[in-house]
Amino acid sequence: MNAAKTREKVAFYILGLAALLVMVPIVMTILYIVKNGIGAVSWQFITESPRNGMEEGGIFPAIVGTILLIIGTMLFSLPPGVFSAIYLVEYAKDNTFTRLIKLSVVNLSGIPSVVYGLFGFTLFVVFLRLGTSILAGSLTLAIMSLPVIITATKEALETVPASFREISLSLGATKWQTVRYCVLPYALPGILTGTVLSLSRAAGETAPILFTVAAFYLPRLPRSVFDQVMALPYHLYVISTQVPNMPMKRSFATAFVLIALVFLMNLVSIILRAHFRKKKQW
Amino acid sequence: MVAETIIKTVNLNSYFGSAQVLKNLNLTIYKNEILGIIGPANSGKTTFLRALNRLNYLDAAYSQDGQIFLAGQDITNLSDTILRKKIGIIFALPQVLPVSIYDNVAYGPKVHGITNKQAVASVVENALKKAYLWDEVKDRLALPAPKLSGGQQQRLCIARTLAVEPDVILYDEPCSGLDPISTAKVEDAMQQLKENYTQILVTNNTKQAARVSERCAFFLMGELIEIDETSALFTRPKDKRTDDYVSGRFG
């Protein structure tokens, strides 16, 4: 009996320690960036364009660029992602065709982001002649975001009890009415989580925007979707490695802003999710 | 009793994959009767019910042959939406949607295109009254339906089905999860609905079939063994297997 108790204790501490260890890198990273970067973050830094070889001024164009890319990515990835997941879960029969689609989704998520960058460059920038532009960058990031959105939406739809669909269909509702009123509302929190997760990742990616949209130095705001923009992750890469004598605190401040932006997105999704959860009653 | 046929099945065979679940079923159901269907587990009772409004086809492995007629019309000529509007079903466990009492009942009329708020409200009120639930919930229609008791939820399901104004109501062991008092209330509601609806009651509870139904069918292993006036089926069954089942020797 005593031996069992000891083992229970050992198990408890090992498992607890492992869980604690998970927190260490995330806390350290955030603390380190905040400690080194917060000093350089000021109103000016956030709202002004870079000056004097990017050593002075702010990163406003890069912030705007990243926000525009997030919006563009969302526009291009959310509808096809959510719609195709609905098709796969609610409509598609199990056959070779749908299995091929599912296989594509899985494989799409395994492709390295730099390959997406190259693909986006050849397809959107060169072949479709969109040039290095917000449009080309958003489309490239959208393709990269699709698998996560599709998978998350699929899982969210699958957790909605089958009985909801049966009730609705048994009352003579059409398939679409059933999906629209008895399935989607309850899958929404899960869809939201997946979407924000994949958009956060897209916001921080460098490789896919490298050839498709990102500008090395462009201290003005874009005028159309065919313009290049600066973007936070690429700007971070540039000032950390490509510009000699750049003060380190500017890199950390840029990283801090990027993390804050992603955190803000997650916060919005948490609030929305809590709002939808209140409605969940099963 | 004027025996006007409302549902007729002709040589109905049902399969899930390669397993045959219903065997050559020929059954006639009369308008405004309560037909009880009894039989042990796996005798095809539920499959028969769900064949009538094509819910079986939600399972991709399902197939059937033979014909089903509703009021003289082959149901293959009716769309799923129309058919299921005409033939409603009450499931074994109370299945309410996680929305308010009102919205549960209003869902059917809404998907069938009733948009006028007052029209929906009066449909909801009538349906709840017919299901004997109105007095218990009229002051709290905005309450989430899952907060009701099991018996109330099942009557809410009946109201929800009534709200789309069906001709036939199928009950798939509607009281299997309910206490005796709730069961009695559901049975009362069924008796009152007799005037306007044809009702088919699948039940594992032979006593319930004896109490509620006018005619009763005994299913065994996917076959219709016997169908007769309920009193006759229970007191003078023609088939030995029926006799064994209703007297509790097996099943």
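Residues numbered from 1 in each chain as written. Chains lettered and ligands numbered in written order. Predicted model: local features only at pLDDT ≥ 70, side-chain atom pairs only at ≥ 80, totals over all residues.

S.K.: Could you give an account of helix H7 (residues 180-193) of chain B, naming the residues involved and the relevant values?
M.R.: All names here are of chain B. Its 14 residues place the ends of H7 20 Å apart at the C-alpha level, agreeing with the 20 Å of an ideal helix rising 1.5 Å per residue. Of the residues making up H7, those classed as buried are Lys185, Val186 and Met190. Projection of H7 onto a plane perpendicular to its axis shows the buried side chains occupying an angular sector of 140°, all on one side. Opposite the packed face of H7, turned more than 90 degrees from it, sit the exposed residues Pro180, Ile181 and Gln191. The inward-facing, buried residues of H7 abut strand E3 (34-38), helix H6 (150-162), strand E8 (198-202) and helix H8 (206-212). (Helix = DSSP H or I, 4+ residues; strand = E, 2+ residues; numbered from the N terminus. Expected span 1.5 Å × (residues − 1). Buried ≥ 20, exposed ≤ 12 C-beta atoms within 10 Å, placed from the backbone. Arc of directions from axis to C-beta. Contact = placed C-beta atoms within 7 Å.)

S.K.: An account of the sheet that holds strand E1 (residues 5-16) of chain B is requested, with residue identities and associated values reported.
M.R.: Residue and element names in this part refer to chain B. If you trace the four strands from one edge of the open sheet to the other, you get E2-E1-E4-E5, paired in antiparallel fashion. Lying at the two open borders of the sheet, with one neighbouring strand each, are strand E2 (19-30) and strand E5 (73-74). Judged from the eight bridges that link them, E1 and strand E4 (residues 62-70) form a sheet pairing that is antiparallel. Among the inter-strand pairings, Thr9 is bridged to a residue of E4, identified as Ile68. On the sheet, helix H1 (residues 45-52) packs against E1, E2 and E4 and is oriented at approximately 65° with respect to E2. (Pairing = 2+ DSSP bridges. Axes fitted to C-alpha atoms, helices over the stretch in contact; angles between N-to-C directions.)

S.K.: I'd like a rundown of unusual backbone geometry, residues and numbers included.
M.R.: Not every positive phi belongs to a glycine, and Glu165 of chain B is a case in point at roughly 55°. Within the secondary structure, Glu165 of chain B is located in the loop between H6 and strand E7 (168-172).

S.K.: Which residues make up the sheet that holds strand E6 (residues 87-90) of chain B, and what are the values?
M.R.: All names here are of chain B. The mixed open sheet is built from six strands, whose spatial order is E6-E7-E8-E3-E9-E10. Each of the sheet's edge strands pairs with one partner strand only, and the pair in question is E6 and strand E10 (223-229). Averaged over all pairs of adjacent strands, the angle between their axes in this sheet comes to 20°, without regard to strand direction. Two strands pair when backbone bridges link them, and E6 and E7 are joined in this way by four bridges, in the parallel orientation. Paired with Ile87 across the two strands is Val168, which belongs to E7. Seen against the sheet, H6 touches E6 and E7 and runs at an angle of roughly 170° to E6.

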